[in-house]
Structure formats: structure tokens, C-alpha cells
Amino acid sequence: MTSKYLDTNSKIPFYFSVDFEDFYYDTNRRLGNPYPSFKLAAVKESYEIINRYSDQFFAGRRMTFFVTAVLARKAPDLIQKIFNDGHEIACHYNYHDSVDNETAETLCENLDIAIDILHSITGERPVGFRAPNFAISADNTFAYEELAKRFKYDSSYKTSEHKSQIFKNGEFLFGDNSLKEFFVYGMPYAFGKINIRTGGTFLRLCPISLTIKAMKQAYNKQHAPLLYLHPFDILTEKEFWITWKDLKFMNIKPRAIFWLRQNQWSNLGNKTVETKIEQICKIFEHQGPMREHLVE
């Protein structure tokens, strides 16, 4: 794998990206809240922190933000600012829904809605896509066919295999359309019961040695190591916390279970993230926005 950014210091190339979404809104909606609201102040705060990473860790190189259209509609000025700051705006679907659960009609409709809203804000059509929660099965050929009609690359395909065992040159080919894949690598762990991915909850909760090992293993299997985060991974004061009162629409048992479990996303390990990124950058070198590296 080559890159115009890779220096002669023998660091391993990787890509840093952000799944830019509002956990508070998305989760309330998923749980069935009929009137979900946003935590835009928290989203904006997370961006200010993430934006500093460019100079703090990445030698000024910009990042890729996979943005949900629902957030873009609510905060177009913020998305415009991210774009004006030099970062890539890629697509993270319309709502934070599982692509695998969509009908063919709904999938196409929501992809086009998302593309149109991001285009209307930045003036550029997004060339990259990542499914919420990476939720496209490997055998969901129709979804990948539709992505190939609309995008130049995808970063949703989860794998633990060597790149050569999946698709030639890491591309999906559908007639006249091709789709480059930035694979989401998962390192088999605990006798194969868990696949350690390099970002999000895994980064926060796992020892940094496991994340580094997984990134090195991905590279050895000819994948571009990916480090991904969400706004809720960054903030440390439970800014996206969903209160007991917020969950009043739920029955008591699921309400209690979720209220406790959300510590996994809004609290545990958040304060370790920046230190871990710093340690990663001693070994790996961020390559800039994914759109700039569609040809290897």
C-alpha cells in the first residue's frame, strides 16, 4: 500500500475517520421515543476537540467525517464548517438505521436523500459511504450494487481475512460500476469469539496494546488500518447521557437495562482516548481524507 503522505520514517499508514452522528437523538429514536431531540451543543463540542487532532496528532492532515443526513439537516452550518476546515464530508446514510433491515425501495430512497442534503450544504457530492454500525452483511449484494452506483468507495465491509481472499484489488465490480472498499478489519480474539475492531468502544475499553496489534495485523493482511471514533467517544462528562426521565416512554425493565448499559457508550474509557491516539501515532501515520487515496 502506498501513499503520497507516507514519509521515510517507516511508520505504518492508517486512516482516521469519524462517524459523525448524534447519539442522543439516534438512540432515542431507535428506542421508540416519539419526539427525539438533539444534543447539538455536545456534537459541536466534540467537533472542536476532534478538529484539534489534525495539528495535535496528524501533522495537519485532515480527516473523513461520515455524516448522517438527519444531523446535517439539523446543523447545516456545522457541516459547512467541517467542510470549510478542509475535512472530507462522506455519507453515513439518512438516519442511523441498519442498511440490512431496509427494503430495496427504502434503501435507495434514503441514500439519495442523504446524498442530496450533503451536496446541498457543501456543494460537492460525497464520494464515500459508511453504513451505521457497519451494518451491511457481506452477502447483501443489492446494497453494494446500489452503493457502487452512487459512490466511489465504501467503508462498511467487516472482515478478518487477508485482502487477497476477498476481492481482487479490494474493489466490488458490478458491470460498469466499481466500488473501492476500505475494509473494517476485526482481529479474532478469545478463541475467535470476539473480533477486535480498531475504534469506538474497542478503543476505549481495550488495552492500547490490543488496538495496536489489530492495526498491525490489518496491515499485514494488506488492509489499510482504520481508526474510527464517534462524538460520544470523545466527550468525558456524559454530554450525550440519556436520563431516566428521557426514557419515560419505555417499560420499567428495558428502561433500567438501557439506562445502566449506556455507560458503555457515554462514559467508560472516554478519558483514555487522546492518550491512546498519541500512542498509536508513534507507530502509525494518518494519511489524510480517504477520498484522496482511491488509487493505490
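For the structure, see preceding data.
Rules of the game
- Residues numbered from 1 in each chain as written.
- Predicted model: local features only at pLDDT ≥ 70, side-chain atom pairs only at ≥ 80, totals over all residues.
- Heavy atoms only, no water.
- Helix = DSSP H or I, 4+ residues; strand = E, 2+ residues; numbered from the N terminus.
- Rg over C-alpha atoms; globule rule 2.2 N^0.38 Å.
- Buried < 20%, exposed > 50% of the residue type's maximum accessible area, 1.4 Å probe, protein only.
- Contact = heavy atoms within 4.5 Å.
- Core = buried A, V, L, I, M, F, W, Y, C linked by side-chain atoms within 4.5 Å.
- Pairing = 2+ DSSP bridges.
- Arc of directions from axis to C-beta.
- Salt bridge = Lys/Arg side-chain N within 4 Å of Asp/Glu carboxyl O.

1. Here we look at the overall build of the chain
Here is step 1: Scanning the chain from terminus to terminus reveals 12 helices and 12 strands.
Here is step 2: For 296 residues, the compact-globule estimate of 2.2 N^0.38 gives 19 Å, and the C-alpha radius of gyration of the chain, at 18 Å, lies within 12% of that figure.
Here is step 3: Projected onto the principal axes, the alpha-carbon positions of the chain cover approximately 55 × 45 × 40 Å.
Here is step 4: Per-residue burial over the chain gives 53% buried out of 296 residues.
Here is step 5: Sequence separation of at least 24 residues holds for 77% of the intrachain contacts in the chain that already meet a minimum separation of 6.

2. Observations concerning the nonpolar core
Here is step 1: Within the largest apolar cluster, 71 residues are counted, with the highest numbers of intra-cluster contacts made by Phe16, Phe20, Tyr53, Phe65, Phe129 and Ile277.
Here is step 2: Among the elements that make up this core, the one with the highest residue count is helix H5 (residues 104-122) (seven residues).
Here is step 3: Each residue touching phenylalanine 16, except ones within four places of it in the same chain, is listed here: Ile50, Tyr53, Phe58, Met63, Thr64, Leu227, Leu229, Ile277 and His286.
Here is step 4: Counting 11 residues, the second largest nonpolar core, distinct from the first, contains Tyr153, Phe182, Val184 and Ala224.

3. Quick word on the pairing of strand S10 (residues 194-197)
Here is step 1: Where strand S9 (residues 184-189) meets S10, four bridges bridge the pair, whose relative direction is antiparallel. Note on S10: the bridge partner recorded for glycine 186 is arginine 197.
Here is step 2: Where S9 folds back on S10, the antiparallel hairpin that results is connected by four residues, among which alanine 190 adopts a positive phi of roughly 55°.

4. Notes on helix H12 (residues 273-280)
Here is step 1: Along H12, the positions that sit buried rather than exposed are Val273, Lys276, Ile277 and Ile280. One face of H12 carries all of its buried residues, which in axial projection span an arc of 100°.

5. So, the pattern of salt bridges
If the charged atoms of two oppositely charged side chains come close together, the side chains can form a pair.
Here is step 1: Considering all chains together, one arrives at eight salt bridges under this definition.
Here is step 2: With a shortest N-O distance of 3.4 Å, aspartate 85 and lysine 81 are connected by a salt bridge.
Here is step 3: Across the pair aspartate 233 and arginine 204 runs a salt bridge whose closest N-O atoms are separated by 2.5 Å. Highlighted residues: aspartate 233 in helix H9 (residues 231-234) and arginine 204 in helix H7 (residues 200-205), separated in sequence by 29 residues. With respect to burial, aspartate 233 and arginine 204 carry one shared label: buried.
Here is step 4: Each of Asp112, Glu146, Lys149 and Arg150 takes part in a single network of salt bridges with overlapping partners.

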